[in-house]
Amino acid sequence: SPIGESRCILILYTKEMNPRKIFSIVFCIVVVAFSLIFTFSHKTFVPRNTVSTPVSFDVPIQIGETSLLVSVADTDNERVKGLSDSDALLEGTGMLFIFDHPDVYAFWMKDMKYPIDMIWFSSDKNVVHIEKNVSPDTYPQSFSGNVSALFVLEVPAGFVDSHGILLGSSFYFK
């Protein structure tokens, strides 16, 4: 058969284009276009709390005579997550929780894998309460000291004693 008379599946070229064939072609093109758009624009929903992101210790602070690199938790999601996804907290690191206003803030050891020291600071960055060597086994007990604070610092267990941190000690951002 001559090349000019060959036909494709969608009948892209014919000598006679009746309205039914035109409708079929347009319909096929629209269906393919919508299928491609849906396929390439569809995003999978992943709940926010199921994605684990590594904690980065990149903010330098000084507490007493000791320098630390801390990860800052200053949003609700970061404060809820805290250090619960980490397997260990290395010496010289910590997590600093910064709140919007001074208040009594309680902490617990839900999903934690290692003990920590917790240090509460007033808005002028002075230590107002300390909890030492808090174990994951204490969950669901919460710790707060019933004092108003703006900052809470979590550090490796033993940090407070080994660095002489006392009530009234202060920290500052470097």
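Here, the structure is the one placed above.
Residues numbered from 1 in each chain as written. Predicted model: local features only at pLDDT ≥ 70, side-chain atom pairs only at ≥ 80, totals over all residues. Heavy atoms only, no water.

1. Digging into the overall build of the chain
Threshold: Secondary structure elements are taken from DSSP: a helix is a run of H or I of four residues or more, a strand is a run of E of two residues or more, and numbering for both begins at the N terminus.
Of regular secondary structure, the chain possesses three helices and nine strands. Across the chain, helices and strands are ordered from the amino to the carboxyl terminus as α-β-β-α-β-β-β-β-β-β-α-β.

2. Thoughts on the side chain of Ser84
Convention followed: The rule is simple: take the accessible area with a 1.4 Å probe, protein chains only, and divide by the maximum for that residue type; under 20% is buried, over 50% is exposed, in between is partly exposed. We define a polar contact as two N or O atoms separated by no more than 3.5 Å, with the added condition that, inside protein, one atom must be a possible hydrogen donor and the other a possible acceptor, whereas residues neighbouring each other in sequence contribute only through side-chain atom pairs.
Tracing the backbone shows Ser84 in the loop between helix H2 (76-81) and strand S3 (93-103). Assessed through its relative accessible area of 15%, Ser84 is described here as buried. From its side chain, Ser84 meets the backbone oxygen of Lys81 in a polar contact 2.7 Å long.

3. Here's the deal with the pairing of strand S1 (residues 59-63)
Basically, it comes down to this: Only strands joined by at least two bridges in the DSSP assignment are considered to pair.
As paired strands, S1 and strand S2 (residues 66-73) are joined by five bridges and run antiparallel to one another. Each residue of the ladder has a partner; that of Ile63, found in S2, is Thr66. The hairpin formed by S1 and S2 contains two residues between the paired strands, and Gly64 there has a positive phi angle of roughly 60°. Sheet topology note: the S1/strand S9 (residues 171-173) ladder contains three bridges and is antiparallel. Bridge pairing in S9 places Ile63 opposite Phe171.

4. A word on the pairing of strand S8 (residues 149-156)
The element S8 is largely enclosed, with a buried count of eight among its eight residues. Strand direction decides the pairing type here: S3 and S8, joined by five bridges, are antiparallel. Counterpart to Ile98 in the pairing with S8 is Phe151.

5. Let's talk about the sheet that holds S2
Heads up, the condition is: Simply put, an axis is a line fit to the C-alpha atoms, just over the touching stretch for a helix, and the angle between two N-to-C directions goes from 0 to 180 degrees.
If you trace the seven strands from one edge of the open sheet to the other, you get S6-S5-S8-S3-S2-S1-S9, paired in mixed fashion. In the strand order of this sheet, the two ends are held by strand S6 (127-134) and S9, each with one partner. Strand-to-strand twist in this sheet, taken as the mean axis angle between neighbours without regard to direction, amounts to 30°.

6. As for the pattern of salt bridges
As a reminder, the rule being used: Just to be clear on terms, a salt bridge is a Lys or Arg side-chain nitrogen sitting within 4 Å of an Asp or Glu carboxyl oxygen.
Counted according to the given criterion, the structure contains four salt bridges. Close ionic contact of Asp76 with Arg79 constitutes a salt bridge, the shortest N to O distance being 2.8 Å. Placement of the pair is Asp76 and Arg79 together in helix H2, with a separation of three residues, close to one helical turn. The class for Asp76 is exposed, based on a relative accessible area of 55%. Residue Arg79 is classed as buried on the basis of its relative accessible area of 14%. A salt bridge links Lys113 to Asp87; its shortest N-O distance comes to 3.3 Å. Within this pair, whereas Lys113 is found in the loop between strand S4 (107-108) and strand S5 (116-121), its partner Asp87 is found in the loop between H2 and S3, the two being separated by 26 residues in sequence. With a relative accessible area of 60%, Asp87 lands in the exposed category.

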